[in-house]
Amino acid sequence: MAREKVLLIEDEKDIQELVRYNLTRDGFEVSTAFSAEEGIETAATWKPDMILLDLMLPGMDGLEACRVLKHGEQTSAIPVIMVTAKGEESDIVLGLEIGADDYIVKPFSPKVLVARVRRSLRRAREDTEGGEGAPIEQQDIYIHPGRREVRAGEESISLTFTEFNILLFLARRPGWVFTRTQIVDAVKGDDYHVTDRAVDVHILGLRKKLGDHGDVIETVRGVGYRFKE
């Protein structure tokens, strides 16, 4: 069985070596890049299963690199974990808004990093293999879990990895109200630390992309969100 491939975009050599050592020891094939530009080129040609992306990079920064990756035809579906030394809500929210799927704050435990990578890869693999079940049709919205395909009316909608998971989670239980914490736990795992604001950002992005169908996701004031029944 082929080893899963992880691309690390990180300009600090010591951190590169630490991450490479731990991921390789855990059975991953690892490639590295010192800049965003080099990483984007490598991602398009090497086609990794996962990208670890430092936010503080020389030249093009990590947020802009994430934006490019998530809009690239060859790279848009690759899960991205942001690695940030800041730990500031604004950086995390912006990264999630433009398509990152998870984040980890420096300094981090190598064991935690490996666990995050494994979890994100597992979720991506389950979705690709159709692990979430049969297609869903609700409120003129069509969702195919295996193909990660969404249509609103006759229009095909392109969603980030996390946006798709949130929409699928809500649509499978129309009328049910979920708190932001429940949404995070369902699509990321209960050890994923994220702010309420980040969930709101994803919901806002979903509504914008769904256009005239955006009102299928309803806000329940003081509680959370639901898919219109």
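One can find the structure itself at the top, above this paragraph.
Predicted model, so just to flag it, every value in this text is computed and none were measured. (Residues numbered from 1 in each chain as written. Predicted model: local features only at pLDDT ≥ 70, side-chain atom pairs only at ≥ 80, totals over all residues. Heavy atoms only, no water.)

**Here we look at the overall build of the protein**
Filter applied, for reference: Strands here are runs of E lasting at least two residues and helices are runs of H or I lasting at least four, both read from the DSSP assignment and numbered beginning at the N terminus. Pairs of residues are marked as contacts when any of their non-hydrogen atoms sit within 4.5 Å. Here the Shrake-Rupley method, with its probe set to 1.4 Å, supplies the accessible areas, and only the displayed protein chains count as covering residues.
A tally of regular secondary structure across the protein gives eight helices and 12 strands. Sequence separation of 24 or more characterises 60% of the internal contacts of the protein that already satisfy a separation of 6 or more. Total accessible area on the protein is roughly 11200 Å²; 47% of this is exposed by carbon and sulfur atoms.

**What to know about the pattern of salt bridges**
Selection criterion: Only one rule defines a salt bridge in this text: a Lys or Arg side-chain nitrogen within 4 Å of an Asp or Glu carboxyl oxygen. Accessibility here uses a 1.4 Å probe with only protein chains present; expressed as a share of the type maximum, an area under 20% marks a residue as buried, one over 50% as exposed, and anything in between as partly exposed.
Applying the stated criterion across every chain, the model contains 10 salt bridges. The residue Lys106 makes a salt bridge to Glu10 at a minimum N-O spacing of 3.2 Å. Placement of Lys106 in the loop between β5 (102-105) and α5 (110-128) and of Glu10 in the loop between β1 (5-9) and α1 (13-25) is noted, with a sequence separation of 96 residues between them. With relative accessibility at 1%, the residue Glu10 sits in the buried group. Measuring nitrogen to oxygen at the nearest pair gives 3.9 Å for the salt bridge that ties Glu12 to Lys106. Taken together, the positions of Glu12 in the loop between β1 and α1 and Lys106 in the loop between β5 and α5 put the pair 94 residues apart, joining distant regions of the chain. For Glu12, a relative accessible area of 42% translates into the label partly exposed. Assessed through its relative accessible area of 14%, Lys106 is described here as buried.

**Thoughts on the sheet that holds strand β2 (residues 29-33)**
What counts, and what does not: Whether two strands pair comes down to DSSP finding at least two bridges between them. Lines are fitted to the C-alpha atoms to define the axes, a helix being fitted only along its stretch in contact, and any angle between axes, read from their N-to-C directions, falls within 0 to 180 degrees.
Reading across the sheet, the five strands line up as β2-β1-β3-β4-β5 and stay open at both edges, with parallel pairing between neighbours. Looking at strand neighbours, the two that pair on one side only are β2 and β5, the edges of this open sheet. The average angle at which neighbouring strand axes cross in this sheet is 20 degrees, direction not considered. Inspection of the sheet shows strand β4 (residues 80-84) paired to β5 by four bridges, in the parallel sense. Across the sheet, the residue bridging to Val83 is Ile104, located in β5. Along the sheet, α1 contacts β1, β2 and β3 (50-54); its crossing angle with β2, the most-contacted strand, is approximately 165 degrees. Packing of helix α2 (residues 36-46) onto the sheet brings it into contact with β1, β2 and β3, and relative to β1 it is tilted by some 165 degrees.

**Some points on the sheet that holds strand β12 (residues 224-227)**
In space, the three strands of this open sheet follow the order β10-β12-β11, with antiparallel pairing throughout. A strand with exactly one partner marks an edge of an open sheet, and here the two such strands are β10 (178-179) and β11 (217-220). Two strands pair when backbone bridges link them, and β11 and β12 are joined in this way by four bridges, in the antiparallel orientation. Residue pairing in the sheet places Ile217 in a bridge with Phe227 of β12. Helix-sheet contacts for helix α6 (residues 161-171) involve β10, β11 and β12, and the interaxial angle to β12 is about 70 degrees.

**Topic: the layout of surface pockets**
This is how it is decided: Site definitions follow a grid-based scheme: protein atoms alone, a 1 Å grid, a 1.4 Å probe that fits but cannot get out for cavities, and for pockets an open set with protein on both sides within 12 Å along at least five of seven lines, plus lining residues having an atom within 4 Å of a point. Grid points are joined across faces, edges and corners, and a volume is the space filled by probe spheres set on the points. Polarity classes work like this: nonpolar for Ala, Val, Leu, Ile, Met, Phe, Trp, Tyr, Cys and Pro, charged for Asp, Glu, Lys and Arg, and polar for all others, with Gly in that last group.
Taken as a whole, the largest pocket holds about 880 Å³ of empty space. What lines the largest pocket is a set of 34 residues, among which Ser76, Ala77, Ile78, Arg148 and Leu159 lie closest to the centre. Mapped by element, the contributors of at least two residues to the lining of the largest pocket are α3 (62-71), α5 and α6. It is α5 that provides the largest number of residues to the lining of the largest pocket, a total of four residues. Looking at side-chain class alone, the lining of the largest pocket contains 13 nonpolar, eight polar and 13 charged residues.

**Observations concerning the packing of α2 against α3**
The criterion, for reference: Angular relationships are summarised with four words: roughly parallel below 35 degrees, roughly antiparallel beyond 145, roughly perpendicular across 65 to 115, and oblique for the angles in between. For a crossing to be left-handed, the near helix must be turned anticlockwise from the far one by less than a right angle; the clockwise case is right-handed.
Across the interface, α2 lies against α3 with an axial gap of 10 Å and an inter-helix angle of 20 degrees. By the criterion of interaxial angle, the relationship of α2 to α3 is roughly parallel. Crossing hand, α2 versus α3: right-handed. Seen from α2, the contacting residues are Ala36, Ile40 and Ala43; seen from α3, they are Ala65, Val68 and Leu69. Here the contact of α2 with α3 is composed, by residue class, of six nonpolar, no polar and no charged.

**Some thoughts on unusual backbone geometry**
Lys106 connects to Pro107 through a cis peptide bond whose omega is -10 degrees. Mapped onto the secondary structure, Pro107 falls in the loop between β5 and α5. One non-glycine residue, Lys47, lies in the positive phi region at around 55 degrees. Residue position: Lys47 is located in the loop between α2 and β3. One non-glycine residue, Asp140, adopts positive backbone phi at about 65 degrees. Tracing the sequence through the fold places Asp140 in the loop between β6 (136-138) and β7 (141-144).

Geometric values such as these leave the question of function open.
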